[in-house]
Amino acid sequence: MKALLNQAINMHQAIASALMDMKQRPDEPKRVGKLFLNFASTVNAIGCDYSKVHLYIVTGLDKNVDLIERHLTSRGIKFQLARCKQQLCLVFDRLGRYPLLLKEIERYLEHPHVDREDILQAMNVYGEITERCAILRKFKEYDIDILLSTINSWQGVSIDKLGDPILTLRVVVTDVEQDPTDPSPIVLHTTTVDGGVRGGQLSVVMIFPTCVLLLARTQHSNVYEFTPFRRIVNRFAPVVSHSVARTRMRVICSYQPLLT
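In this text the structure is predicted, and so the values were computed from the model without any measurement.

**Q** Hey, could you run me through the nonpolar core in this one?
**A** What tends to happen in soluble globular proteins is that the nonpolar side chains get buried as a cluster. The biggest cluster of nonpolar side chains holds 31 residues, and the ones touching the most others in it are Phe36, Val43, Leu102 and Tyr126. Counting residues per element, the ones that place at least two in this core are helix H1 (2-23), helix H2 (32-63), helix H3 (65-73), helix H5 (90-107) and helix H6 (116-147). In terms of residue count, H2 provides more of this core than any other element does, 10 residues in total. Those residues in contact with Val43 that sit more than four places away from it in its chain are Met11, Ile15, Leu95, Tyr126 and Ile129. Membership of the second largest hydrophobic core comes to 15 residues, among which are Ile151, Phe208, Leu213 and Phe226.

See the structure below:
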């Protein structure tokens, strides 16, 4: 996290320095749009990486605030949780200002201008980067909510030790084909899900680097029920093998939008 935060700080400083250098060359045309396009791939990569880990750090601070305060106080340092979290958000604050800055500059460009095409493109690119980072943070918020929940019937390693989920999908289990000789049959109750669709169990699929978990929702928002399965089949994606399966069953799922 420290290395990534330093990369983000250095990136923003490099952009600010490049803008200052441009300002000190009054005889040359101001190619602000081109400058931002040159930085776009770096901004996107660092911004997305930072968005993926930011909430993990904030959650860790919230969970361990007493321990952190005692540790820093013993060394004569006053820890301010709110200020620390605010500082960690400055990367996003700065990123969100870039599309506004570009739009404001575009308003005052004479027509025609050598940079107009680039600055219009940069406005769109940085708007997309900002939106992408916001979506990633929302995904991670959803992931963390599940990782901190109670998972009934799961007998493997603690779910928060499985690593960062590669993908989390909210699904509706609409059909089950199960081996009749299986000693632990699973009953999926018909329920009403978003939009009034009937005939499925609202569940969550979490894909980790080493396994895939199918978690059924319960009446409690912070409690899930682990559902053993062999593979998930749907019309939008290939078969996903499950490395910790204990039953012979096939679950046919239909996607539900995660952000609704």
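**Q** Would you mind going over the packing of helix H4 (residues 81-88) against H5 with me for this structure?
**A** When two helices pack together, their arrangement is captured by the angle between the axes and the distance separating the axes. Where H4 contacts H5, the axes come no closer than 4 Å and their chain directions differ by 35°. In this structure, H4 uses Gln86, Gln87 and Leu88 to contact H5, whose residues at the interface are Leu90, Val91 and Phe92. Within the contact of H4 with H5, the residues separate by chemical class into 4 nonpolar, 2 polar and no charged.

**Q** Explanation requested: the state of the cysteines in the structure shown.
**A** Should the sulfur atoms of two cysteines be covalently bonded, the bond is a disulfide. Following the criterion strictly, the structure yields 0 disulfides and no others. With no disulfide of its own, Cys48 has Cys133 as its nearest cysteine by sulfur position, at a separation of 4.4 Å. Using a relative accessible area of 10% as the deciding quantity, one classes Cys48 as buried.

**Q** What exactly am I supposed to notice about the pattern of salt bridges here?
**A** When the charged atoms of two side chains lie near each other, side chains of opposite charge can form a pair. Inspection of the entire model under this criterion finds 8 salt bridges. With its nearest N and O atoms 3.4 Å apart, the salt bridge here joins Asp115 to Arg31. Of this pair, Asp115 sits in the loop between H5 and H6 while Arg31 sits in the loop between H1 and H2, placing them 84 residues apart in sequence. For Asp115, a relative accessible area of 0% translates into the label buried. What makes Arg31 partly exposed here is its relative accessible area of 23%. The salt bridge partner of Glu104 is Arg107, with a shortest N-O separation of 3.3 Å. Placement of the pair is Glu104 and Arg107 together in helix H5, with a separation of 3 residues, close to one helical turn. Note on Glu104: relative accessible area 36%, which makes it partly exposed. Judged by its relative accessible area of 56%, Arg107 is exposed.

**Q** Help me out: how do you make sense of the side chain of Ser51 in this one?
**A** Locating Ser51 in the fold gives a position in helix H2. Using a relative accessible area of 0% as the deciding quantity, one classes Ser51 as buried. Among residues more than four places away in sequence, those in contact with Ser51 are Phe92, Cys133, Leu136, Arg137 and Lys140.

**Q** What is the right way to look at the side chain of Arg116 in this model?
**A** Within the fold, Arg116 resides in helix H6. What makes Arg116 buried here is its relative accessible area of 14%. Not counting residues up to four positions away in its chain, the partners in contact with Arg116 are Glu106, Leu109, Glu110 and His111.

**Q** Please clarify how the packing of aromatic side chains should be interpreted in this entry.
**A** Aromatic rings in a pair are described by how distant their centres are and how their planes are angled relative to each other. This model, assessed by the stated rule, comprises 5 aromatic pairs. Residues Trp154 and Phe226 carry aromatic rings whose centres are separated by 4.9 Å and whose planes lie at 70° to one another, so their mutual orientation is edge-to-face. Taken together, the residues span a long stretch of sequence, with Trp154 in the loop between strand S1 (150-152) and strand S2 (167-178) and Phe226 in strand S6 (residues 223-226) at a distance of 72 residues. For Phe226, a relative accessible area of 5% puts it in the buried group. Three or more aromatic residues joined by ring pairs form one cluster here, namely Phe36, Tyr98 and Tyr126.

Definitions and cut-offs
Every chain's residues receive numbers from 1 upward, in the order its sequence appears when written. Side-chain atom pairs in this predicted model are given and counted only at pLDDT of 80 or more, local residue features only at pLDDT of at least 70, and totals for whole chains, interfaces and linings cover all residues. Excluding hydrogens and water, the side-chain values take into account all heavy atoms of the structure. By nonpolar core is meant a set of buried Ala, Val, Leu, Ile, Met, Phe, Trp, Tyr and Cys residues that side-chain atoms within 4.5 Å join together. Partly exposed describes any residue whose relative accessible area lies between the buried limit of under 20% and the exposed limit of over 50%, with all areas from a 1.4 Å probe on protein chains only and scaled to the type maximum. By the criteria applied, helices consist of DSSP H or I runs no shorter than four residues and strands consist of E runs no shorter than two, each listed in order from the N terminus. Should any heavy atoms of two residues lie within 4.5 Å, those residues are considered in contact. The angle between two axes is taken between their N-to-C directions and runs from 0 to 180 degrees, where each axis is a line fitted to C-alpha atoms and a helix contributes only its stretch in contact. Classification used: nonpolar for Ala, Val, Leu, Ile, Met, Phe, Trp, Tyr, Cys and Pro, charged for Asp, Glu, Lys and Arg, polar for all others including Gly. Disulfides are defined as cysteine sulfur pairs within 2.5 Å. For salt bridges, the criterion is a side-chain nitrogen of Lys or Arg within 4 Å of an Asp or Glu carboxyl oxygen. Any Phe, Tyr or Trp ring, taking Trp's six-membered ring, that has another such ring centre within 6.5 Å forms a pair; planes under 30 degrees apart are called stacked, those over 60 apart edge-to-face, and the others tilted.

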